[in-house]
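Analysis of the macromolecular model
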Amino acid sequence: MTDGRRILNEEFERAAEGFARRTEGRFDQMGVPLFSRVAPNETVLEVGAGAGTFLSLFEGSAARLIGVDLTEAMLEQARARHPSQKLVVADGFKLPFRSRSIDLVTSAQALHHVFKPVPFVSEMRRVCAQGGRVLIVDQLAPESYEQIAFMNELETLRDPSHAASRPPSAFRSIVMAAGLEVIDEKIFEDRSRFSRWMWPGEFPEERIERVRDFVARFGPETGMGFEPDGDDWTFTRRRIMLLARRPA
Ligand SMILES: C[S@@+](CC[C@H](N)C(=O)[O-])C[C@H]1O[C@@H](n2cnc3c(N)ncnc32)[C@H](O)[C@@H]1O
């Protein structure tokens, strides 16, 4: 097992339950099923499905929901919360599915844990059916290189399995380099609270302190719009939702 894989497994095994509780409902306002053009007879796959929260958005809109993830403890959370999902431990770089077999291949909030995003998205394209779609949702970095560097330092301090937050332009390039054609895109922005983003149910106290210290010193450099609010901060979280298809 590589170091990166071990860190990812350790982090999500430790944090599975706290993560599942914190992130419940976080995609509810994004209009995901409509944006994905999902049809009732379709199969939806999510790569990096975690606790199944994103995949559950398709319950009632698709015929079959399949989630894969590298971390068994995350899938245990998904099994307990979403019994209709079929969940398999597997690596997104080597999906256990036939080529061109899945109508809608999705991945939410997993790409920022991936250092080599083009092979990852290429594998999503491989299993995507003729006429099918690939849907990617992930957090965004600003376009400024300096701010990206500070943001990624902060994110890695918070979660050592973080690989890279990327700007919108990088997502478009990754999808194109993976042999796909962007057909739609939306960007979302909302204000979050530091104390919720790093709550003690999910993170060790000493790590929370280290991240608080980083925000106090370098928060303005991250481009995340940190603003003090008593002994807490608020900040802006931006996400991209990008829909693509195989070129004809
Ligand atoms: C931040 S969580 C997101 C979970 C879920 N998609 C959501 O949005 O709530 C990232 C998940 O991606 C998984 N993951 C990261 N790299 C992966 C890979 N190469 N293959 C499969 N799963 C992966 C992690 O184990 C973790 O459960």
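Report follows, based on the coordinates. (Residues numbered from 1 in each chain as written. Predicted model: local features only at pLDDT ≥ 70, side-chain atom pairs only at ≥ 80, totals over all residues.)

Counting buried positions along strand 1 (residues 43-47) gives 5 out of 5 residues, so the element sits mostly inside the fold. Side-chain alternation along strand 1 places Thr43, Leu45 and Val47 on one buried face and Val44 and Glu46 on a second face that is also buried. Alignment of strand 1 against strand 4 (residues 102-108), held across 3 bridges, turns out to be parallel. Bridge pairing in strand 4 links Leu45 to Val105. (Buried ≥ 20, exposed ≤ 12 C-beta atoms within 10 Å, placed from the backbone. Helix = DSSP H or I, 4+ residues; strand = E, 2+ residues; numbered from the N terminus. Pairing = 2+ DSSP bridges.)

Before going further, it helps to examine the nonpolar core. Counting 62 residues, the largest nonpolar core has Val44, Phe58, Val105, Val134, Ile136, Val175 and Leu242 as its most contacted members. Among residues more than four places away in sequence, those in contact with Val105 are Leu45, Met124, Val127, Cys128, Gly132 and Val134. (Core = buried A, V, L, I, M, F, W, Y, C linked by C-beta atoms within 7 Å. Contact = placed C-beta atoms within 7 Å.)

With that out of the way, let us pick up the site of the ligand. Not every one of the 23 residues close to the ligand is listed here, only the nearest: Gly48, Gly50, Thr71, Gly92 and Gln109. With 3 residues, the top contributor of residues to the shell around the ligand is helix 1 (residues 3-23). Partitioned by chemical class, the residues of the shell around the ligand number 13 nonpolar, 8 polar and 2 charged. (Near = placed C-beta within 6 Å. Nonpolar A, V, L, I, M, F, W, Y, C, P; charged D, E, K, R; others polar.)

Positive phi outside glycine occurs at Arg37, with the angle close to 60 degrees. Summarising the element assignment, Arg37 is placed in the loop between helix 2 (32-36) and strand 1. Since 15 C-beta atoms lie within 10 Å of it, Arg37 is described here as partly exposed. A positive phi is found at Arg100, a non-glycine position, where the angle reads about 55 degrees. When you line up the elements, Arg100 lands in the loop between strand 3 (86-89) and strand 4.

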